[in-house]
Amino acid sequence: MATQDGSEEVLMETEAKPKEAEPLGEDAEKSDAETTSHTDAGNATTQDSSISNGDDADDKQETVDLKIIWNKNKYDLKIPVDSAGAKLKERIHSLTGLPPAMQKVMYKGLLPEDKTLREIKITNGAKIMVVGSTINDVLAVNTPKEVIQQEVKAEENKKEPLCRQKQHRKVLDKGKPDDIMPAIKGTKERLPTVPLSGMYNKSGGKVRLTFKLEQDQLWIGTKERTEKVPMGSIKNVVSEPIEGHEDYHMMAFQLGPTEASQYWVYWVPAQFVDAIKDTVLGKWQYF
C-alpha cells in the first residue's frame, strides 16, 4: 500500500504542475498587460533619448562663429558648419529682417544656397558680407518724386505761420477792410447781438457771420448767397493772429471730414475768437 500511496502522490504532483503554469482569466490578461507596458516603456525611453529640438541639435553639431555685415551693421552668428547656404540666409533674415529672396550673401564670391558651409570652407571668425534692401527701402526709392515734394511742402506749411502761406497772402495783401469791426487785443467778449461783418473770405469777397443760437445754426453770408450751416456739422474751428495785426485773426470753419473743406474768414476781431469757438463747438463736447 505504501508503494501505491507514493505513486498517487507523484501522480497528483505531476497533474498539479501544469495547472500552476497556466495563468487563468484576469491574471493572464494582467500578465500580458504588464509585459506590454514594460516593453512600451523601454521603447519610449529609447525614443526620448533620440529626440532633439532646434538649438539642442545645433549644440551637438560642430558649429562656426561668423560675423555678418549688412548696411554698416555687424551681427554675431553661430551656426552648424554643415548648414546649407539657404539655412544661413534664413538665420540672416532673423537677425536683420532682410528677406532671403532679397539677400546677396558674399564669401569669396556669391555664396551658393545648395552647398554647406563646410563645403565652401567657411571657418570660425569668417566675415560674411550681405547686400540687399528691405521692402520698405525699395518702396521709399520707388516713391514718385512728386509725392515726396508734396509731403515736404505740407510739412513746411505746418511749420510756417498760416498768414505767410501763399494761399492766404493773396487775401491778406489786400489790407484791412475799411468797414471792418473794431478789434481789441488781449480781451474776451461775448458775441455781439448783431452779425460780425466787414470780413473777407478766401476768394477776397466780403463775408458776414450770423449766429442763430435758437436754431443752432451759423449763417455764412456773402453778396451772392447765405449758407445756413448746422453748428453740429462743423467738425473744427481753427484760428491764428494775423502778423502785424494781432488784434485780428484769420479763422477756418471745417464743414466736412477733412481740412480740404475749411471755410476761411479773414480779419475776425480778436475779442470774439474764443466766443465763436465756444458757440460753434460747444463748451461741452460729447463723443
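Residues numbered from 1 in each chain as written. Predicted model: local features only at pLDDT ≥ 70, side-chain atom pairs only at ≥ 80, totals over all residues. Heavy atoms only, no water.

Asker: Is there a simple way to explain the overall build of the protein chain in this structure?
Answerer: Counting its regular elements, the protein chain contains nine helices and eleven strands. A burial count over the protein chain gives 29% of its 287 residues as buried. Pairs at least 24 apart in sequence give 48% of the contacts found in the protein chain among residues at least 6 apart. Summing over all exposed atoms, the protein chain offers an accessible surface of approximately 19700 Å²; the carbon and sulfur share of this is 51%. (Helix = DSSP H or I, 4+ residues; strand = E, 2+ residues; numbered from the N terminus. Buried < 20%, exposed > 50% of the residue type's maximum accessible area, 1.4 Å probe, protein only. Contact = heavy atoms within 4.5 Å. Areas by Shrake-Rupley, 256 points an atom, 1.4 Å probe, with all protein chains shown as cover.)

Asker: Would you take a moment to explain the pattern of salt bridges for this structure?
Answerer: Pairing is possible between side chains that carry opposite charge, provided their charged atoms lie close to one another. Tallied over the full model, the rule gives eight salt bridges. Residues Asp76 and Lys67 are paired through a salt bridge, measuring 2.7 Å at the closest nitrogen-oxygen approach. Residue Asp76 is classed as exposed on the basis of its relative accessible area of 56%. By relative accessible area, which is 37% here, Lys67 ends up partly exposed. (Salt bridge = Lys/Arg side-chain N within 4 Å of Asp/Glu carboxyl O.)

Asker: Please explain the layout of surface pockets as it appears in this structure.
Answerer: Once rolled over the atoms, a probe with the size of a water molecule shows which space is left empty. Taken as a whole, the second largest pocket spans an internal volume of roughly 350 Å³. The wall of the second largest pocket is formed by 16 residues, among which Arg190, Leu191, Pro192, Leu213 and Thr279 lie closest to the centre. Where the lining of the second largest pocket is concerned, the elements lending two or more residues are strand E6 (206–212) and helix H9 (273–281). Its residues assigned to classes, the lining of the second largest pocket shows nine nonpolar, three polar and four charged. (1 Å grid on protein atoms, 1.4 Å probe; cavity = no way out; pocket = protein on both sides within 12 Å on 5 of 7 lines; lining within 4 Å. Points joined across faces, edges and corners; volume = space filled by probe spheres on them. Nonpolar A, V, L, I, M, F, W, Y, C, P; charged D, E, K, R; others polar.)

Asker: Before we go on, may I ask you to explain the sheet that holds strand E10 (residues 245–254) in this structure?
Answerer: What links the strands of a sheet is backbone hydrogen bonding, and the strands pair in either a parallel or an antiparallel sense. Spatial strand order, E8-E7-E6-E5-E11-E10-E9: seven strands in an open sheet with antiparallel pairing. Each edge of the sheet is formed by a strand with only one pairing partner; in this case those strands are strand E8 (226–230) and strand E9 (236–242). With strand direction ignored, the average angle separating the axes of adjacent strands in the sheet is 30°. Note: strand E5 (residues 196–201) against E6, three bridges, orientation antiparallel. Bridge assignment links Met199 to a residue of E6, and that residue is Val207. (Pairing = 2+ DSSP bridges. Axes fitted to C-alpha atoms, helices over the stretch in contact; angles between N-to-C directions.)

Asker: Got a minute to help me understand the sheet that holds strand E2 (residues 73–80) in this structure?
Answerer: What the four strands build is an open sheet, ordered E2-E1-E4-E3; its pairing is mixed. Each end of this open sheet is capped by a strand with a single partner; those strands are E2 and strand E3 (104–106). Ignoring strand direction, the axes of neighbouring strands in this sheet form an average angle of 30°. With eight bridges joining them, strand E1 (residues 63–70) and E2 adopt antiparallel strand pairing. Looking at E2, one finds that Lys67 is bridged to Asp76. Relative to the sheet, helix H4 (residues 85–96) contacts E1, E2, E3 and strand E4 (127–131), its axis offset from that of E2 by approximately 140°.

Asker: In this structure, what is going on with H9? I would like to understand it.
Answerer: The α-helix advances 3.6 residues per turn, and as a result positions three or four apart in sequence lie on the same side. Of all the positions in H9, only Val273, Ala275, Ile276 and Val280 are classed as buried. One face of H9 carries all of its buried residues, which in axial projection span an arc of 165°. The secondary structure elements touched by the buried residues of H9 are E5, E6, E9, E10 and strand E11 (262–269). Backbone geometry just downstream of H9 places Gly282 in the positive-phi region, at approximately 85°. (Arc of directions from axis to C-beta.)

Asker: Would you mind going over a nonpolar patch on the surface with me for this structure?
Answerer: A grouping of Met106, Leu110, Met129 and Val131 is seen on the molecular surface, where their side chains present a nonpolar patch of about 360 Å² in accessible area. For Met106, the position within the fold is in strand E3. (Patch = residues over 30% accessible without salt bridge, like charges linked within 9 Å, V, L, I, M, F, W, Y side chains within 5 Å.)

Asker: Explain the pairing of strand E7 (residues 217–221) to me, please; I cannot follow it from the model alone.
Answerer: Side-chain positions along a regular strand alternate between the two faces of the sheet. Of all five residues in E7, five are buried, a share of seventy percent or more. Residue alternation in E7 divides its side chains into two sets, Gln217, Trp219 and Gly221 and Leu218 and Ile220, and both sets are buried. Sheet topology note: the E6/E7 ladder contains five bridges and is antiparallel. The residue of E7 that forms the bridge with Arg208 is Gly221. If you look at the hairpin formed by E6 and E7, you'll find four residues sitting between the two strands, and Asp216 has a positive phi there, around 55°. Note: E7 against E8, five bridges, orientation antiparallel. Counted as the bridge partner of Ile220 is Glu227 from E8. With antiparallel pairing between neighbouring strands as the criterion, E7 and E8 make up a hairpin whose turn holds four residues.

Asker: Which parts of the structure should I look at to understand H4?
Answerer: For H4, spanning twelve residues, the distance from its first C-alpha to its last is 16 Å, which sits close to the expected 16 Å at 1.5 Å a residue. The inward-facing, buried residues of H4 abut E1, E2, E3, helix H5 (117–120) and E4. (Expected span 1.5 Å × (residues − 1).)

Asker: Is there a simple way to think about the pairing of E4 in this case?
Answerer: Here E4 shows one buried face, formed by Ile128 and Val130, and one open face, formed by Lys127, Met129 and Val131. Relative to E4, E1 runs parallel, the two being bridged by four bridges. Across the sheet, Ile69 pairs through a bridge with Met129, a residue of E4. The pairing of E3 with E4 spans three bridges and is antiparallel. Across the sheet, Met106 pairs through a bridge with Met129, a residue of E4.

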